[in-house]
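One-letter residues, chain by chain:
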Amino acid sequence: MSKTKSLVANALIAALYIAISLVLEPLTFLSVQFRVPEMFNHLVVFNNRYFFGVVLGVFITNLFSPLGMYDLIFGVGHSVISLGLLILIKRTVKNTTKLMIINTLIFTVTMAIIALELTLALELPFFLTYLTTALGEFGVMAIGIPVMQMLNKTMKFEKLV
Amino acid sequence: MASSLIIGQYVPEESVVHKLDPRTKIVMIFAFVIFVFFANNGWSYLWLTAFSIGAALSTKIKLRYIARGLKPVWFLIVFTFLLHLFVTREGDVLFDIIGFPIYTGALIQGVQISMRFFLLILVTSMLTLTTTPIEITDAIETLLHPLKKVKFPVHELALMMSISLRFIPTLMQETEKISKAQASRGVDFRTGPLKERIQAVVPLLVPLFVSAFKRAEELAMAMEARGYKGGEGRSKLRELEVRARDYLAVVVFILMIVGLFLLRDM
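Under an unreviewed UniProt entry, chain B has the name Energy-coupling factor transporter transmembrane protein EcfT and belongs to Streptohalobacillus salinus. Here chain B is described in UniProt, under the heading Subunit (unreviewed entry), as follows: "Forms a stable energy-coupling factor (ECF) transporter complex composed of 2 membrane-embedded substrate-binding proteins (S component), 2 ATP-binding proteins (A component) and 2 transmembrane proteins (T component)." Word for word, the UniProt comment on chain B under Function (unreviewed entry) is "Transmembrane (T) component of an energy-coupling factor (ECF) ABC-transporter complex. Unlike classic ABC transporters this ECF transporter provides the energy necessary to transport a number of different substrates."

Within an unreviewed UniProt entry, the label attached to chain A reads Putative membrane protein, and the organism entered is Streptohalobacillus salinus.

Now for the interface of chain B and chain A. Between chain B and chain A, the contact holds 64 residues from the first and 57 residues from the second. In terms of surface lost to chain A, no three residues of chain B exceed B:Met160, B:Phe209 and B:Phe213, which account for 13% of the buried area on that side. Inspection of the chain B/chain A interface yields 3 salt bridges. Taking the shortest distance from any N to any O, the salt bridge between A:Glu123 and B:Arg116 comes out at 3.2 Å. Across the contact surface, chain B and chain A share 11 residue pairs in polar contact (both at pLDDT 80 or more).

This part is about the pairing of strand 2 (residues 100-103) of chain B. Residue and element names in this part refer to chain B. With 4 bridges joining them, strand 1 (residues 93-97) and strand 2 adopt antiparallel strand pairing. Opposite Val93, over in strand 2, you have Tyr103 as the bridge partner. Taken together, strand 1 and the strand that follows it, strand 2, pair antiparallel across an intervening segment of 2 residues, in which Ile98 is found at a positive phi of about 35°.

Time to look at the UniProt feature "transmembrane region" (unreviewed entry) in chain B. Residue and element names in this part refer to chain B. UniProt records the feature "transmembrane region" (unreviewed entry) for residues 26-48, 69-87, 93-110 and 244-263 in the present numbering. Counting secondary structure, residues 26-48 comes out at 74% helix and 0% strand; the distance between its end C-alpha atoms is 18 Å. In this annotation, residues 69-87 is assigned 95% helix and 0% strand; the end-to-end C-alpha distance for the span is 29 Å.

Within the largest apolar cluster, 121 residues are counted, with the highest numbers of intra-cluster contacts made by A:Phe40, A:Leu43, A:Tyr50, A:Ile60, A:Phe157, B:Phe209 and B:Phe213. In terms of residue count, helix 9 (residues 194-225) of chain B provides more of this core than any other element does, 15 residues in total. If near-sequence neighbours (up to four positions away) are discounted, A:Leu43 is found in contact with A:Ile13, A:Tyr50, A:Met148, A:Phe157 and B:Phe209. A:Met111, A:Ile114, A:Ala115 and A:Ala134 belong to the second-largest nonpolar core, a separate cluster that totals 5 residues.

Our focus in this paragraph is the UniProt feature "transmembrane region" (unreviewed entry) in chain A. Those places that UniProt annotates as "transmembrane region" (unreviewed entry) correspond, in this numbering, to residues 12-32, 70-89, 101-121 and 127-148 of chain A. What you have in residues 70-89 of chain A is 100% helix and 0% strand, and the ends, taken at the C-alpha atoms, are 29 Å apart.

Within the structure shown, the criterion is met by 17 aromatic pairs over all chains. A centroid spacing of 5.1 Å and a plane angle of 70° characterise the contact between A:Phe157 and B:Phe209, whose relative ring orientation is edge-to-face. Of the two residues, A:Phe157 is situated in the segment after helix 7 (126-155) and B:Phe209 in helix 9; the pairing between them involves two chains. Under the relative-accessibility criterion, A:Phe157 is labelled buried at 0%. Pairwise contacts between aromatic rings join A:Tyr17, A:Phe40, A:Phe46, A:Tyr50, A:Phe157, B:Phe209 and B:Phe213 into one cluster.

This part takes up the packing of helix 1 (residues 3-23) of chain A against helix 3 (residues 50-63) of chain A. All names here are of chain A. The geometry of helix 1 relative to helix 3 is characterised by a closest axis approach of 7 Å and an angle of 40° between their N-to-C directions. With respect to their mutual orientation, helix 1 and helix 3 come out oblique. The interaxial crossing formed by helix 1 with helix 3 has right-handed handedness. For the pair helix 1 and helix 3, the contacting residues are Asn10, Ile13, Ala14, Tyr17, Ile18 and Ser21 in the first and Tyr50, Phe52, Gly53, Val54, Leu56, Gly57, Val58, Ile60 and Thr61 in the second. When grouped by side-chain class, the residues that make up the contact of helix 1 with helix 3 number 10 nonpolar, 5 polar and no charged.

With that settled, the discussion passes to helix 5 (residues 71-87) of chain B. Over its 17 residues, helix 5 of chain B runs 25 Å from end to end, which matches the ideal 24 Å to within 8%, given 1.5 Å per residue. Residues of helix 5 of chain B that are buried include every one of B:Val73, B:Ile77, B:Thr80, B:His84 and B:Leu85, and no others. For helix 5 of chain B, the arc enclosing every buried residue in end-on projection is 130°, short of the 170-degree limit, so these residues lie on one face. Opposite the packed face of helix 5 of chain B, turned more than 90 degrees from it, sit the exposed residues B:Lys71, B:Pro72, B:Phe75 and B:Val87. Lining the buried residues of helix 5 of chain B we find helix 6 (112-122) of chain A together with strand 2 and helix 6 (104-130) of chain B.

Each value, and the rule that gives it
Residues numbered from 1 in each chain as written. Chains lettered and ligands numbered in written order. Predicted model: local features only at pLDDT ≥ 70, side-chain atom pairs only at ≥ 80, totals over all residues. Heavy atoms only, no water. UniProt positions renumbered as here; feature names shortened; annotations may be inferred. Contact = heavy atoms within 4.5 Å. Buried area = accessible area lost by both parts, 1.4 Å probe. Salt bridge = Lys/Arg side-chain N within 4 Å of Asp/Glu carboxyl O. Polar contact = N/O pair within 3.5 Å; in protein donor to acceptor, adjacent residues only side chain to side chain. Pairing = 2+ DSSP bridges. Helix = DSSP H or I, 4+ residues; strand = E, 2+ residues; numbered from the N terminus. Core = buried A, V, L, I, M, F, W, Y, C linked by side-chain atoms within 4.5 Å. Buried < 20%, exposed > 50% of the residue type's maximum accessible area, 1.4 Å probe, protein only. Phe/Tyr/Trp six-rings, centres within 6.5 Å; stacked < 30°, edge-to-face > 60°. Axes fitted to C-alpha atoms, helices over the stretch in contact; angles between N-to-C directions. Parallel < 35°, antiparallel > 145°, perpendicular 65-115°, else oblique. Left-handed = near helix turned anticlockwise from the far one by under 90°. Nonpolar A, V, L, I, M, F, W, Y, C, P; charged D, E, K, R; others polar. Expected span 1.5 Å × (residues − 1). Arc of directions from axis to C-beta.

Quick look at the structure:
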């Protein structure tokens, strides 16, 4: 795979991440919001190269978020740390489904970073904030497992970047 | 559909803030985000508020427009204020609201924390209000330049960001088109059991991914055919330049910070 193609493909993954988050309203269920593009975090399970596309998507989305730069640092930090951990774990665990479950758990645990952001800025009680934010993240990432697997059957993500 | 295609919040105006080098703006706003946490009394908050509103006015963007941009976070600000008002128990009891005693300390803390959050959002939103996404990309590329020494792909990242920004509107249009096409075939994203709604997302994502990768392939081929070989020796279309007004803005900002620290002890 040429370097240029990998670069351009990641740029388009980021664009798709942003386009979907802007066009599709989040699926809401029992007042917990599931943001569809968060499922893209599972792309890194198929190929480490998707790391840049996903992080860039988060970066640009946060750039336009009402919380501005403050959100940017924590939002990007959350994705970089979580996906970095996943890439490390990928060295020992090879099974895709297992990796996706691990990825879901990583993102749920590291939501503490976002809870910390809100605690720092608003001095809200940490655990209450953590519980509400982590629940939405866990939901969408768990739902993302079968969705991304179904998509992978047609797309073959490993070989695309 | 046209309105949903506006990405970011950039408002073109002929103001000093718009003309500042994007790097100056990013560095100052970043510093502001840190220094806002140093405010510790009414005077220091008032000082920061005056500075932020002054800065907002100098952008020449209507304050009403900026306030509308803050709409999604009003709820969070009010919620935080109320939470601190009822939970904090410091100082004397000010009055009772249906059995809930409100303390002076709670009122002060509630006001200060909501104020701080408001300032954080107001000032950070000024970056995207006065700077185009492309300018932000250029600024990030030069600001991250030192990271090249540790082999961080700064140029590639900036290029990815520009390509991404270019394709967001195209892919948004496509997302909208495909979701409408699927809806006309009876796919329902909004109602029904969660499992069915999730399944409905798949036929939307497949064509989107296919088209995104097809575009990527074509663009990569076009770039290579035109001799793209990475960042080395590439010249730039837009050059960033630090001018006198940037130095002036930094001086004003430093004076504001000095003022903040003097007011902290009052």
